[in-house]
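Coordinates in review
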Amino acid sequence: MLRDRNVLLGVTGSIAAYKSVDLARRLVANQAHVKVVMTEASCRFITPYIFESITGNQVYTDLFKDPFSHINLSKEAHLLIIAPATANTINKFSCGIADNLLSTLWLTYEGPALIAPAMNFRMYSNRVVKKHILELKQAGAQFIGPASGSLACGDEGEGRMVEVEEIVEAALAALSKKDLAGQNILITAGPTAEPIDPVRYISNRSSGKMGYAIARAALRRGADVTLISGPSSLEPPRGVTFIPVERASEMEAEVFKRFKKSTSVIMAAAVSDYSPTDIAKVKIRKKDEMSLKLKKNADILRELGKKKGGRVLVGFAAESGKDIKSAVAKLKAKNLDLIVLNDISRKDVGFDVDTNEVTLINKKGRIMEYPIMKKIEVADIILDRMLEAGK
Ligand code: CTP
């Protein structure tokens, strides 16, 4: 999404300006062409040279150095990010004051704009600042944050610039096609954990990375996303309706609660096929031998397949080897539109890593093989094929 896109980063005079160095670095790492405009005040916090080194581009600080920079920079930009944005710059933007390069180019800029405020919480709650933020929002600017927490001056409150990852995520979303707008996508992820006693459980190997990546990609593309996740150490993407669960039976109940309103369901979770028949109330003492009696859990996806109506159903097939035959059998047995085959015998893909190599099979029997790639890229392919299968 950011590859070969021109991103203009406006930096204003806040202590959080140092975080924008990392922001510029990450935008460049995402292959964006980054140009930085700094206000005079921001140059008191960090030097233009640091941005020049990171972006490989000249840094713009002076309105009068080139008579048309305020027009040309904004014309070529696909995205404008103001981070950090001080109260002063926000107020100027809203009032149309053009007294430096950044505030002047704001008046010429017509594309998407992200503003990440950073200021003391008293300034942020100031009536005038609030009014100008509202006006800029109404004019189409997207504000990210500020976050709450400890502020540079020692105060606690709302006013911290959000973390850089959040700004990068917003940038990716701002430049994504919104082809999933209006879709309500239900995604399951992670393992389920079936308790044996208060301290032990049986589970499946799954980090949740693939399901969370699909949720993130769907959000960027404009979908309403509900993520039902078994235990995972991952942070749910901002903007999802997040439902944490533990047991397969809880996942089943939550899926069926939300199924009606969804337009598609993607079951990326590694649901436990079995759970202990009895859960001991107190810790089971160790013995030389022990056996567990297990009962079969419901196959959530198979049940969904019986009631799918017009919804698009996507399942995963975890197989020891590239077993297309078994994946096709699961697709048919569960009445799916699309199945994602994962070869779990491979060490470099699948569990707990950021890459995956998948084969997709649709209900028409079309087999689509892909090379190893990042899970976020696999996520976009799954969503593309899901859209196609729904037509
Ligand atoms: N699935 C489910 N409920 C279960 C087990 C699996 O909804 N109790 C879903 C998974 O989320 C996945 C698909 O069914 O999308 C296939 O899961 P997989 O473990 O590959 O296959 P199973 O049907 O469980 O069969 P097996 O374990 O014998 O391969």
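Residues numbered from 1 in each chain as written. Predicted model: local features only at pLDDT ≥ 70, side-chain atom pairs only at ≥ 80, totals over all residues. Heavy atoms only, no water.

1. Brief notes about the sheet that holds strand 18 (residues 338-343)
Reading across the sheet, the eight strands line up as 13-12-9-14-17-18-20-21 and stay open at both edges, with mixed pairing between neighbours. On the outer flanks of this sheet lie strand 13 (241-244) and strand 21 (367-369), each paired with one strand and no other. The average undirected angle you get between the axes of adjacent strands in this sheet is 15°. Alignment of strand 14 (residues 264-267) against strand 17 (residues 312-319), held across four bridges, turns out to be parallel. Bridge pairing links M267 to G315 in strand 17. Sheet strands touched by helix 13 (residues 375-389): strand 9 (184-189), strand 14, strand 17, strand 18, strand 20 (358-362) and strand 21. Its angle to strand 17, the strand with the most contacts, is close to 135°. (Pairing = 2+ DSSP bridges. Helix = DSSP H or I, 4+ residues; strand = E, 2+ residues; numbered from the N terminus. Axes fitted to C-alpha atoms, helices over the stretch in contact; angles between N-to-C directions. Contact = heavy atoms within 4.5 Å.)

2. Side note on the site of the ligand
Surveying the vicinity of the ligand reveals 15 residues, the closest of which are M267, A269, F316, K330 and K334. In the model, an oxygen atom of the ligand is placed 3.2 Å from a nitrogen or oxygen of the D273 side chain. Separating an oxygen atom of the ligand from a backbone N or O atom of L301 is a distance of 2.8 Å. Relative to its unbound accessible surface of 570 Å², the ligand loses 76% to contact with the protein. Mapped onto the shell around the ligand, the elements with two or more residues apiece are helix 11 (300-306) and strand 17. (Near = heavy atom within 4 Å. Polar contact = N/O pair within 3.5 Å; in protein donor to acceptor, adjacent residues only side chain to side chain. Areas by Shrake-Rupley, 256 points an atom, 1.4 Å probe, with all protein chains shown as cover.)

3. Remarks on the environment of V28
If you trace the backbone, V28 turns up in helix 1 (residues 17-29). On the accessibility criterion, V28 (28% relative accessible area) is partly exposed. It is 7.8 Å that separates the C-alpha atoms of V28 and I54, two residues lying 26 residues apart in sequence. Excluding anything up to four places from it in sequence, V28 contacts V34, I54 and T55. (Buried < 20%, exposed > 50% of the residue type's maximum accessible area, 1.4 Å probe, protein only.)

4. With respect to the sheet that holds strand 4 (residues 79-85)
An order of 3-2-1-4-5-6 is seen for the six strands of this open sheet, with the pairing classed as parallel. Sheet topology places strand 3 (59-60) and strand 6 (142-143) at the edges, where each strand pairs with a single neighbour. Inspection of the sheet shows strand 1 (residues 6-11) paired to strand 4 by four bridges, in the parallel sense. Residue pairing in the sheet places L8 in a bridge with L80 of strand 4.

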